[in-house]
2 protein chains.
Amino acid sequence: MSEINFTLEPIGVIRSKLVDLAAAPKQGDEGGYQAWLELDARVAQGLLGIKVGDELIVLTWLHREQRDVLQVHPRGNPNNPLTGVFATRSPDRPNPIGLHRVSVVEIGDGRLKVAPIEAIDGTPIVDIKPVLADNINER
Amino acid sequence: MSEINFTLEPIGVIRSKLVDLAAAPKQGDEGGYQAWLELDARVAQGLLGIKVGDELIVLTWLHREQRDVLQVHPRGNPNNPLTGVFATRSPDRPNPIGLHRVSVVEIGDGRLKVAPIEAIDGTPIVDIKPVLADNINER
């Protein structure tokens, strides 16, 4: 097999009033923040067909998190037993890809306003996918 | 801001009887294949706490797909109107991250048997996350 390129190319950025990682809620539905997904011009035509009200999964790159953590106390609570990061939604993990299920609130030129989303301002976006009924599989 | 490292580190590989991309079903629930998720030894402790029956989201890197495609006819059918890749689940997209919702069928040493999953044998795994009720947000 030829060598695989494992480098993500960011497609845009989150523009949010949420700027402080410590203030970010643990899950999007605990806060209810709105944010703009600002797509790079070179990929904006990939938004064709997205409508207000659509349910999307936004994939982000949680670039401030620690990638060498393999076990955590869930939700940062030391009373919770030590758990493998793959059994938790901890943002500290080998590949800190964030999944955010959102609704489209407004559509602009090359950008989407969505909610709820707890990612902080400046978070890179790496993909956007529609929710498929009860099925989030690929292909 | 310091420079961001956008390189994924694969954490393991899919071991499946499905070896032919052309034979892969479009969605996991259309085929029902089982596969082993074989984790690299260095990250295996990240599986602590995963149990048979757990619902997981497996993130893969669809390394055979085209990254310069921005619009497609959904499901490869020319009768479907041209649509932006971010409004579809096409594996051809700038960052070909696959999302696969699966159940854990069996647990081995540093590996999990899961179903249904349509990713072909040899597909790199980049993350595993638990399904949180009706919520797939991060943090």
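Each remark here, short or long, concerns the structure printed above.
Our subject in this report is the structure included herewith. (Residues numbered from 1 in each chain as written. Chains lettered and ligands numbered in written order. Predicted model: local features only at pLDDT ≥ 70, side-chain atom pairs only at ≥ 80, totals over all residues. Heavy atoms only, no water.)

With that settled, the discussion passes to the overall build of chain A. Summing up its helical and strand segments, chain A has zero helices and eight strands in all. When the elements of chain A are put in sequence order from the N terminus, they spell out β-β-β-β-β-β-β-β. In chain A, which comprises 139 residues, the share counted as buried stands at 55%. Look at the contacts in chain A between residues 6 or more apart in sequence, and 73% of them connect residues 24 or more apart. (Helix = DSSP H or I, 4+ residues; strand = E, 2+ residues; numbered from the N terminus. Buried < 20%, exposed > 50% of the residue type's maximum accessible area, 1.4 Å probe, protein only. Contact = heavy atoms within 4.5 Å.)

Overlaying chain B with chain A gives an RMSD of 0.0 Å, the required rotation being 180° about an axis along which the chain moves by 0.0 Å. The superposition of one copy onto the other is thereby described by a two-fold rotation axis. Considering only C-alpha atoms, the part of chain B nearest the rotation axis is B:T7, at 2.2 Å. Counting the interface residues of chain B, we find that 100% of their copies in chain A are interface residues as well, pointing to one common contact surface. (Least-squares fit on C-alpha atoms with pLDDT ≥ 70 in both.)

As a further point, take the interface of chain B and chain A. Listed by partner, the interface residues are 69 residues for chain B and 69 residues for chain A. When chain B packs against chain A, the two sides together hide about 6400 Å² of surface, and 54% of this comes from carbon and sulfur. Counting every contact that joins chain B to chain A gives two salt bridges. The partner of A:R93 in a salt bridge is B:D127, with the nearest N and O atoms 2.9 Å apart. Counting every contact that joins chain B to chain A gives 26 residue pairs in polar contact (both at pLDDT 80 or more). When contributions to the side of chain B that touches chain A are tallied by element, the ones reaching two or more residues are β3 (55–61), β5 (83–84), β6 (97–108) and β8 (124–130) of chain B. Per-element accounting of the side of chain B that touches chain A gives the leading share, six residues, to β8(B). In terms of residue class, the side of chain B that touches chain A is made up of 36 nonpolar, 18 polar and 15 charged. (Buried area = accessible area lost by both parts, 1.4 Å probe. Salt bridge = Lys/Arg side-chain N within 4 Å of Asp/Glu carboxyl O. Polar contact = N/O pair within 3.5 Å; in protein donor to acceptor, adjacent residues only side chain to side chain. Nonpolar A, V, L, I, M, F, W, Y, C, P; charged D, E, K, R; others polar.)

Residue and element names in this part refer to chain B. Position of V104 relative to the elements: it lies in strand β6. Using a relative accessible area of 3% as the deciding quantity, one classes V104 as buried. Once the C-alpha coordinates of V104 and G84 are considered, the two residues, 20 residues apart in sequence, prove to be 33 Å apart. The contact partners of V104, leaving out residues within four places of it in the chain, are I50, K51, V52, G53, D54, L56, K113 and V114.

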